[in-house]
Amino acid sequence: MRTISKQTDFIYMADTPVIYHCHHFNLFLDQTIDDALGVEAGTRLKVQVASTTAYQLLSNLVKASGAETVMERLELASTYFSGMGHGKLAITGNKEQGKAEGSYLHYGFTWSQKYGKRINRLNPADAFATGFSAAALEVAYDLEPGSLLATEHECIAQKVKNCHIDINKNPSQNNDYNIVTREDAEQSTSDAIEGQFEETVTNVAKGLTDFTAAVGGDEERGIVEAFGVYVTMHLSGYYNGISYQALNQCKDNPAILQALGELLKESGHVCVFNTFGGMLISAEWEGLVGKPTGDPNDLIAYLTAIGRALGFGKWCIKEFVAGEKFVLETSSTYENAYCNKYYKNQSHPSEYFVQGAALAFMVLIHKLDWTQPIDLTPELYDSLFKGGLGWKVEQTKGLSTNDEVTQVIVTKA
Amino acid sequence: MKDQKLIIRKESSCFNNLKWRIFITQQIPHDQFISQLITLDYQEKIHPLYPKIIEMSHTEGHSIIFVPKTNRIQLKLNIDLEEHTRIEKASIIAQDIIEVFKTVKYQG
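Now for a look at the structure at hand.

Rules of the game
Residues numbered from 1 in each chain as written. Chains lettered and ligands numbered in written order. Predicted model: local features only at pLDDT ≥ 70, side-chain atom pairs only at ≥ 80, totals over all residues. Heavy atoms only, no water. Contact = heavy atoms within 4.5 Å. Buried area = accessible area lost by both parts, 1.4 Å probe. Salt bridge = Lys/Arg side-chain N within 4 Å of Asp/Glu carboxyl O. Polar contact = N/O pair within 3.5 Å; in protein donor to acceptor, adjacent residues only side chain to side chain. Helix = DSSP H or I, 4+ residues; strand = E, 2+ residues; numbered from the N terminus. Buried < 20%, exposed > 50% of the residue type's maximum accessible area, 1.4 Å probe, protein only. Pairing = 2+ DSSP bridges. Axes fitted to C-alpha atoms, helices over the stretch in contact; angles between N-to-C directions.

Things to note about the interface of chain B and chain A
Move 1: Contact with chain B, which involves 23 residues of that partner, is made by 26 residues of chain A.
Move 2: The junction of chain B with chain A conceals about 2200 Å² of combined surface from both sides, 52% of it contributed by carbon and sulfur atoms.
Move 3: Seen at the junction of chain B and chain A, the total is three salt bridges.
Move 4: For E286 of chain A, the salt bridge identified is with R72 of chain B, shortest N-O distance 2.7 Å.
Move 5: Applying the counting criterion to the chain B and chain A interface returns five residue pairs in polar contact (both at pLDDT 80 or more).
Move 6: Taken together, the elements giving at least two residues each to the side of chain B that touches chain A come down to β2 (19–23), β5 (63–67) and β6 (72–76) of chain B.
Move 7: Sorting elements by how many residues they give to the side of chain B that touches chain A places β6 of chain B first, with three residues.

Shown next as structure tokens:
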């Protein structure tokens, strides 16, 4: 069911746009939304967007697989949830109510792994699984999207054994069904371009893409451990929906709006450091490509290739001068697929993730000694990204502002 | 046969002492790697990047990844192992591997 567009490098699961992100990014982004909107409003938004985008995925899966009965559809939902690395979710219910029992749910489980020893969490962490549960029952019973509302009551991140989600009729009957179809995504792009080191980028991206095709949640836990992180195949619509709707909700508060934009940019740092960095130092990378030598020209090509392979868009190296400048250009970004449909004609380019990612590329290339063992710890992250990056980034063109390409330029600060 | 100088250290980005790197100085032929680990009750799993990566899983739930090109050996412990036992378990597994590779004929 996974397909990849040759034109855009976008990835689709049953024609639903998907991308790969690690738990560090997932937790950071979810927390960012809560920080911007408050936990209650943040959770409400995340659950609602999760439900909408999961409805799209599950509807497409049902269509593609021909699953007819309620049992078949719920089984399909659980299978793909696990296969995509989100954990184990058993959903039961009828047209008006139900419940879902979760184990190793990605957000709650990884939060407990990352923070559980130091922090007592007050609120459940699995907004995505919660929304997904509601959507699974809606699709199982051919209900309209938004008919049901799910709430997580207990979560492994709160130091209980498993996660418990209740599903009931949605009292507010939210009918916002903001989705991006495959056609929408493909039409949000411009003609593909090529850049420097294109052969290396293409070949490495292909190798990674072939590898990820075989990667899925393990049978026992439904989670994917790879490259030193927990990876999910996730819905781009979820990431975009929570990010851009949160921005929209904050638009009348300039201070929060700016902070949110900066955090969304920082999410690019978090992803590149943990996922991209983790990939470069992984055993899988050594087998596939070889141990990085530290050559900046190799590293910029590898990092760009990883971006493509994870479904972020057809990122290209327009210009790279080690120690001085990096210009990333792309004819497709997963962010713009959403902006193009729901937030057209923006006043300024707002593909925050690619801004942060490009800057993080230069930090990783120039501030790490790739000839020595590298430990991607929170302390190392802070030393690289907090208090003086040494680099600055500007998005000079954006597909989100009707330019022909998205272009970000990283130069010395 | 020279004694192996085996070093074990926690793998980069390792969660809670689950992943370890085992260092063996001499290049191991990958068919011998497989056959020796089988003697220790490991079974070969087909890794998506086979034969660039060899993966062997043990009945106790831990697994070994071997990269023939770079001689990298990664141990992944069973996640259900209690955390306070992991360092010791990793050491025991590494020791078993030392013993078995003492019998291997190395290239060069």
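Some thoughts on unusual backbone geometry
Move 1: Cis geometry marks the peptide bond from Y50 of chain B to P51 of chain B, where omega comes out at 0°.
Move 2: Although it is not a glycine, N402 of chain A sits at a positive phi angle of roughly 65°.
Move 3: Secondary-structure assignment places N402 of chain A in the loop between β12 (391–397) and β13 (406–412).
Move 4: Classification of N402 of chain A by relative accessible area gives partly exposed; the value is 47%.
Move 5: Even without glycine at this site, D41 of chain B takes up a positive phi of about 70°.
Move 6: Along the polypeptide, D41 of chain B turns up in the loop between α1 (30–38) and β3 (42–45).

Some details on the sheet that holds strand β7 (residues 163–169) of chain A
Residues and elements named next belong to chain A.
Move 1: Pairing is antiparallel in the open sheet, where four strands are placed in the order β4-β5-β7-β6. Single-partner strands in this sheet number two, and they are β4 (88–93) and β6 (148–154). Between one strand axis and the next, the sheet turns by 20° as a mean value, whatever way the strands run.
Move 2: Relative to strand β5 (residues 98–103), β4 runs antiparallel, the two being bridged by six bridges. If you follow K88 over to β5, its bridge partner there is S103.
Move 3: Each of β4, β5, β6 and β7 is contacted by helix α5 (residues 127–140), which is oriented at about 45° to β4, the strand it contacts most.

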